[in-house]
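What follows is the residue order along each chain.
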Amino acid sequence: MAKAHKIAVLAGDGIGPEVMAEARKVLARVSEKFGPQFEFTEELVGGAAIDAKGKALPADTLATCEASDAILFGSVGGPKWEKLPPNEQPERGALLPLRKHFGLFANLRPSICYPSLTHASPVKEELIAGGFDVLCVRELTGGLYFGQPKFRGEKDGEETAIDTMIYKKSEIVRIAHVAFKAAQGRRKQVTSIDKANVLENGLLWRATVEEVAKDYPDVKLSHLYVDNAAMQLIKQPRSFDTVLCENLFGDILSDEMAMIAGSLGMLASASLGKAKEGGLYFGLFEPSGGTAPDIAGKGIANPIAQILSTALLLRFSLGLEKEAVAIETAVRHVIDHGLRTGDIYSGAEDTRKVGTAEMGDAIVAEL
């Protein structure tokens with residue numbers, strides 16, 4: 001029997017445990033139908049870990065992650081823990097340390113608007129007829145957020161704040177390879193985002209991406225300044241395939257892409273770190289949305305983002321492409337059949353409003 005893939009399951013807070021339960025059901029069906037075996041280890045993280053163990057990322061949770069092939073993450077945070085010191089709150093105390101500890105340098109966020117869900121997008125339907133599928137590849141550990149020096153205080157007699165934007169060529173090379181490899185499995189187009197007209201970082205970014213592009217002659221490379229990219233993503237999102245961004249620009253544009261897709265409840269993400277054999281990566285896979293404490297425990301949350309995150313885990317950390325595609329196809333079919341959780345329900349004919357578990361069961365049945 002083949003060795004079981006070890007997956008650390010960190011459901012977290014709010015709707016996290018509810019949607020994670022549906023993802024686990026889908027993976028159980030994948031195992032039953034296709035054969036790969038999974039060994040799940042559940043651990044506390046975020047607010048739940050603070051309540052039980054006094055720390056957002058306990059040592060045993062971290063140890064389980066280190067012993068696993070990948071991390072399937074839910075979401076953390078909520079009003080209950082907002083009065084704690086900033087570095088002890090669930091997000092800063094758990095998610096950021098996980099990213100740092102495992103060197104999760106590449107964030108992949110697919111922004112997919114299904115043809116039957118274009119009504120949910122704030123963009124005019126004539127601009128997105130037929131839907132769209134754009135992948136944002138964001139560098140996650142460099143740039144303005146992490147550069148030193150950082151300073152806030154008095155300078156020259158006036159209150160001053162300083163943040164430093166730094167990129168090494170090696171960091172750009174590393175993230176560019178991720179984007180080009182991803183594009184090879186998609187529509188073979190990379191749009192690199194920079195501000196080369198005013199930033200030295202942008203000049204290095206553009207020149208380095210063009211160097212890496214020579215290794216991928218089958219992929220077409222184009223460049224956009226970030227301000228123009230923000231406009232074009234709304235004007236013609238269907239013209240984009242894979243969008244490559246440094247940290248700050250990727251943070252902003254990936255949220256824009258999420259909004260124009262219609263619902264955060266539909267959007268998965270992958271944060272990739274150490275490269276493994278066969279072009280795979282150790283990674284953390286999570287929904288793009290939050291804990292939604294206002295609907296937690298009501299059984300109405302959309303589990304699709306969590307389920308699609310499992311597909312990304314299978315693809316990028318385990319190399320199970322056939323199984324990943326099967327999950328994504330099952331989700332698409334369920335949407336096409338008219339099932340809708342509250343966040344994507346419009347009351348249109350041929351649609352039916354369902355809860356968290358019913359949506360999960362329908363996707364399992366499609367598999």
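Residues numbered from 1 in each chain as written. Predicted model: local features only at pLDDT ≥ 70, side-chain atom pairs only at ≥ 80, totals over all residues. Heavy atoms only, no water.

### A few points about the overall build of the protein
No. 1: Helix and strand counts for the protein stand at 11 helices and 14 strands.
No. 2: For the protein, whose C-alpha radius of gyration is 20 Å, the value lies close to the compact-globule estimate of 21 Å for 367 residues.
No. 3: Dimensions of the protein, computed from the C-alpha atoms along their principal axes, are close to 60 × 50 × 45 Å.
No. 4: Burial analysis of the protein (367 residues in total) assigns 52% to the buried set.
No. 5: Here the contacts in the protein between residues at least 6 apart in sequence split such that 74% fall between residues at least 24 apart.
No. 6: Counting every atom, the protein has about 16,500 Å² of accessible surface; 53% of that belongs to carbon and sulfur.
No. 7: In the protein, 41 positive and 49 negative side-chain charges are present, and the distance between their average locations comes to 3 Å. (Helix = DSSP H or I, 4+ residues; strand = E, 2+ residues; numbered from the N terminus. Rg over C-alpha atoms; globule rule 2.2 N^0.38 Å. Buried < 20%, exposed > 50% of the residue type's maximum accessible area, 1.4 Å probe, protein only. Contact = heavy atoms within 4.5 Å. Areas by Shrake-Rupley, 256 points an atom, 1.4 Å probe, with all protein chains shown as cover. Lys, Arg positive; Asp, Glu negative; His and termini not counted. Charge placed at Lys NZ, Arg CZ, Asp CG, Glu CD.)

### Digging into the packing of aromatic side chains
No. 1: Tallied over the entire structure, the rule returns 5 aromatic pairs.
No. 2: Their ring planes at 65° and their centres at 6.4 Å tell us that Phe-105 and Tyr-281 sit as a pair that is edge-to-face. With Phe-105 in the loop between helix H4 (90-101) and strand S4 (106-113) and Tyr-281 in strand S12 (residues 281-287), this pair connects stretches of sequence that are 176 residues apart. Here Phe-105 matches Tyr-281 in class, with each residue buried.
No. 3: Centre to centre, the rings of Tyr-167 and Trp-205 are 5.6 Å apart; their planes meet at 70°, and the pair counts as edge-to-face. With Tyr-167 in the loop between strand S7 (158-162) and helix H5 (169-184) and Trp-205 in helix H6 (residues 200-213), this residue pair connects regions lying 38 residues apart in the sequence. (Phe/Tyr/Trp six-rings, centres within 6.5 Å; stacked < 30°, edge-to-face > 60°.)

### Remarks on the side chain of Glu-43
No. 1: Mapped onto the elements of the fold, Glu-43 is located in the loop between strand S2 (38-42) and helix H2 (47-53).
No. 2: Polar contacts involving the side chain of Glu-43 include one to the side chain of Thr-64, which spans 2.6 Å.
No. 3: Here Glu-43 is in contact with Val-9, Leu-10, Ala-11, Asp-60, Thr-61 and Thr-64, once residues within four sequence places are set aside. (Polar contact = N/O pair within 3.5 Å; in protein donor to acceptor, adjacent residues only side chain to side chain.)

### A closer look at the pairing of S7
No. 1: When you tally the buried positions in S7, you get 0 out of 5 residues, a small fraction of the element.
No. 2: Here strand S6 (residues 151-155) runs beside S7; their pairing, made up of 5 bridges, is antiparallel. When the bridges of S7 are listed, Lys-155 appears paired with Glu-158.
No. 3: The antiparallel hairpin formed by S6 and S7 contains 2 residues in its connecting segment, where Asp-156 sits at a positive phi of about 55°. (Pairing = 2+ DSSP bridges.)

### Let's talk about the nonpolar core
No. 1: Core analysis: the biggest nonpolar cluster contains 67 residues, and Leu-108, Phe-180, Leu-244, Leu-272, Phe-285, Leu-314 and Ile-363 have the highest contact counts within it.
No. 2: Apart from the residues lying within four places of it in its own chain, the contact partners of Ile-363 are Val-26, Ile-304, Ile-307, Ala-330, Val-331 and Val-334.
No. 3: Counting 21 residues, the second largest nonpolar core, distinct from the first, contains Val-123, Ala-229, Leu-233 and Leu-253. (Core = buried A, V, L, I, M, F, W, Y, C linked by side-chain atoms within 4.5 Å.)

### Observations concerning the pattern of salt bridges
No. 1: Under the defined criterion, the tally for this structure stands at 19 salt bridges.
No. 2: Note that Glu-358 is salt-bridged to Arg-352, the shortest N-O span being 2.6 Å.
No. 3: For Arg-352, a relative accessible area of 42% corresponds to the partly exposed category.
No. 4: Through salt bridges with shared partners, a single network forms among Asp-133, Arg-186, Arg-187 and Asp-241. (Salt bridge = Lys/Arg side-chain N within 4 Å of Asp/Glu carboxyl O.)

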